Amino acid sequence: MLLSPFLRIFAEFLKKKIMKKKLRQGSLCVHAGYRAKNGEPIELPIIQSTTFKYDDSDEMAKLFDLEKEGYFYTRLQNPTNDAVAAKIAALEGGVGAVLTSSGQAANFYAIFNICQAGDHFITSNEIYGGTYNLFGVTLKKLGIDCTFISQEASDEEIQAAFRPNTKAVFGETISNPGCAVFDIERFARIAHSNGVPLIVDNTFATPVNCRPFEWGADIVTHSTTKYMDGMATQVGGCVVDSGNFNWETCTHEGATVPDGSPLGIDRFPGLCTPDESYHGLTYVKAFGKMGYTTKLVAQLMRDLGSIPAPQNSFLLNMGLQTLHLRMAQHCKNAQQVAQFLHDNDKVAWVHYCGLKDDPHYELGQKYLPDGSCGVIAFGLKGTRETAIKWMDSLEMINIVTHVADARTCVLHPASHTHRQLSDEQLRQAGVAPDLIRLSVGIEDVEDILDDIKQALDKI
């Protein structure tokens, strides 16, 4: 079986002396993906080149046919990008990963890699507004339909959403902006019983606080723009494959094939039948557990090209090196801020799974025992204008579209990120008109609280 350049990098990393002892998450944040050899730079180099030179024309031809390992064009693969992808794969416990130009691109590729015109998938309705529109509007223009369901729905209601052409189930570990916790294990069980994978957007939790593969998820996506970067310096995304879903038998690793279950040749033809654009190569047969990742690169990136610049990947790697430290501070600060808001008589409600009376507290303790993230959803007593006045009165806290970086920031989703949705769609997505999304940063928590208090005094 051929190794893609990424898989070769990852395999070499696993053989390094450093990996004789299994590293914990904090050490992986620093060391995974790239290890300098004797006399090499300690920091990951930026290979800011579009192309790579070869002396032999036949060697180049074999690269284009996926018959030989190596780099030849950055739209497909680049050493800097692949090293950072390897780090994220190690953090999530996956077999392969691909960096994309944004989190939206990552979610698109994760679905489009296994869905085509005429297919269907199921998604939680409590997802980021941009993803809601991608799934509910844009993908429909490509002939891919989806059903939005409440993640609080019963097993029977979720099962009723499946169709013969359903290809996947999607959810967010912690929903943006509602801060609901997704029951990964339950949705994985239901997805697998129907012979399809579970895809989980793990952006808010990050692999520091939750590794969805350990709960049965098959594919993980990230907007690396958020906590992974941490400094608002680059836009990017990532798709990570667990290697645990058998695309040929439509089963999760270790499961038996249910009687009458369709095989991958029918359900996932893009992975399990020959790709004529690569001379009849079949991805899962040629690349085994790397079939999904290789197809995403060799076919989708080849044709659509949503890649990050190597410079962006370098910046992302800088952020990843402190991810484990920053997430701990985000969670510590957010817990104190959430408790303050919970106890304030001007606040109508607060959603943060670290609060003991939060409806998702138990799920939070199950999936996020070491902390969730720094994002809090809450509403003030009053009208939509009350929320706007409070935000406009803030001094240190920034009103920005961004979320989940070092600075504390805030926005009003109904007026900003979700403004294209109707009131009914807002309610379906778990976004109330008064919902404020507060992303608690890593500043001194007393300064964060002081700014919140002085703004509350003005409403």
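Residues numbered from 1 in each chain as written. Predicted model: local features only at pLDDT ≥ 70, side-chain atom pairs only at ≥ 80, totals over all residues. Heavy atoms only, no water.

Caption draft 1: Examining the overall build of the protein more closely. Regarding its fold elements, the protein presents 19 helices and 14 strands. Relative to the compact-globule value of 23 Å for 459 residues, the protein shows a C-alpha radius of gyration of 22 Å, a close match. Once the C-alpha set of the protein is aligned to its principal axes, its extents read approximately 70 × 60 × 40 Å. Of all 459 residues assigned to the protein, the portion counted as buried reaches 58%. Restricting to contacts in the protein with at least 6 residues of sequence separation, those with at least 24 account for 72%. Between the centroid of the 42 positive side chains of the protein and the centroid of its 54 negative side chains there is a distance of 4 Å. (Helix = DSSP H or I, 4+ residues; strand = E, 2+ residues; numbered from the N terminus. Rg over C-alpha atoms; globule rule 2.2 N^0.38 Å. Buried < 20%, exposed > 50% of the residue type's maximum accessible area, 1.4 Å probe, protein only. Contact = heavy atoms within 4.5 Å. Lys, Arg positive; Asp, Glu negative; His and termini not counted. Charge placed at Lys NZ, Arg CZ, Asp CG, Glu CD.)

Caption draft 2: Broad picture of the packing of helix H5 (residues 103-112) against helix H13 (residues 291-304). Relative orientation of the contacting elements H5 and H13 amounts to 115°, with a least axis distance of 10 Å. Judged by the twist between their axes, the crossing of H5 over H13 is right-handed. Of H13, the residues touching H5 (which contributes Phe 108, Tyr 109, Ala 110 and Phe 112) are Tyr 292, Leu 296, Leu 300, Met 301 and Leu 304. Each residue belonging to the contact of H5 with H13 can be placed in one class, and the counts come to nine nonpolar, no polar and no charged. (Axes fitted to C-alpha atoms, helices over the stretch in contact; angles between N-to-C directions. Left-handed = near helix turned anticlockwise from the far one by under 90°. Nonpolar A, V, L, I, M, F, W, Y, C, P; charged D, E, K, R; others polar.)

Caption draft 3: The arrangement of the side chain of Lys 167 in detail. Inspection of the secondary structure assignment puts Lys 167 in strand S4 (residues 166-172). You can call Lys 167 buried: its relative accessible area is 6%. Not counting residues within four places of it along the chain, the set of residues in contact with Lys 167 comprises Ile 114, Cys 115, Asp 119, His 120, Phe 121, Val 196, Pro 197, Arg 267 and Phe 268.

Caption draft 4: Fine view of unusual backbone geometry. The step from Asn 176 to Pro 177 runs through a cis peptide bond, and the omega angle for that step is 15°. Counting through the fold element by element, Pro 177 comes out in the loop between S4 and helix H8 (184-193). Although it is not a glycine, Ala 232 adopts a positive phi angle of roughly 60°. If you trace the backbone, Ala 232 turns up in the loop between strand S6 (219-223) and strand S7 (237-241). Even without being glycine, His 279 reaches a positive phi, approximately 55°. Considering the arrangement of structural elements, one finds His 279 in the loop between helix H11 (269-272) and helix H12 (283-287).

Caption draft 5: The arrangement of the packing of aromatic side chains in detail. For the structure shown, the criterion picks out 13 aromatic pairs. With a centroid separation of 4.2 Å and 20° between ring planes, the pair formed by Tyr 132 and Phe 148 is classed as stacked. You can see Tyr 132 sitting in helix H6 (residues 129-141) and its partner Phe 148 sitting in strand S3 (residues 145-149), a full 16 residues away along the chain. Overall, the relative accessible area of 6% leaves Tyr 132 in the buried class. Taking the relative accessible area as the measure of exposure, Phe 148 reaches 25% and is therefore partly exposed. (Phe/Tyr/Trp six-rings, centres within 6.5 Å; stacked < 30°, edge-to-face > 60°.)

Caption draft 6: Representation of the pairing of S7 within the structure. By the criterion of burial, S7 is predominantly enclosed, with five of the five residues buried. Going residue by residue along S7, you find Gly 237, Val 239 and Asp 241 tucked away on one face and Cys 238 and Val 240 tucked away on the opposite face as well. Here strand S1 (residues 96-100) runs beside S7; their pairing, made up of five bridges, is antiparallel. In the sheet register, Leu 99 faces S7, and the bridge partner there is Cys 238. In the sheet, S6 pairs with S7 via five bridges, with the strands oriented antiparallel. From the neighbouring strand, Ser 223 faces S7, where its bridge partner is Gly 237. (Pairing = 2+ DSSP bridges.)

Caption draft 7: How the structure looks around the packing of H5 against H6. Between H5 and H6, whose axes approach to 10 Å, the crossing angle comes to 45°. Between H5 and H6, the interaxial angle falls into the category oblique. Every pair of crossing elements has a handedness; the one defined by H5 and H6 is right-handed. Judged by residue contacts, Gln 104, Asn 107, Phe 108 and Ile 111 of H5 engage Gly 130, Thr 131, Leu 134, Phe 135 and Leu 139 from H6. When the residues that make up the contact of H5 with H6 are grouped by side-chain class, the tally is five nonpolar, four polar and no charged. (Parallel < 35°, antiparallel > 145°, perpendicular 65-115°, else oblique.)

Caption draft 8: Expanded view of the layout of surface pockets. By volume, the second largest pocket amounts to about 350 Å³. What lines the second largest pocket is a set of 21 residues, and nearest its centre among them are Tyr 128, Asn 176, Ser 223, Lys 226 and Val 403. For the lining of the second largest pocket, the leading source of residues is H5, giving three residues. A per-class count over the lining of the second largest pocket returns five nonpolar, 12 polar and four charged. (1 Å grid on protein atoms, 1.4 Å probe; cavity = no way out; pocket = protein on both sides within 12 Å on 5 of 7 lines; lining within 4 Å. Points joined across faces, edges and corners; volume = space filled by probe spheres on them.)

Caption draft 9: Main features of the sheet that holds S3. Read from one edge of the open sheet, seven strands run S1-S7-S6-S5-S4-S2-S3, paired in mixed fashion. Since the sheet does not close on itself, it has two edges, and those belong to S1 and S3, each with one partner. If you compare each strand with its neighbour and ignore which way they point, the axes differ by 20° on average. Of the strands in this sheet, S1, strand S2 (120-124), S4, strand S5 (198-201), S6 and S7 touch H5, which is tilted by about 160° from S6. The strands touched by H8 within the sheet are S3, S4 and S5, with S5 carrying the most contacts at an inclination of about 155°.

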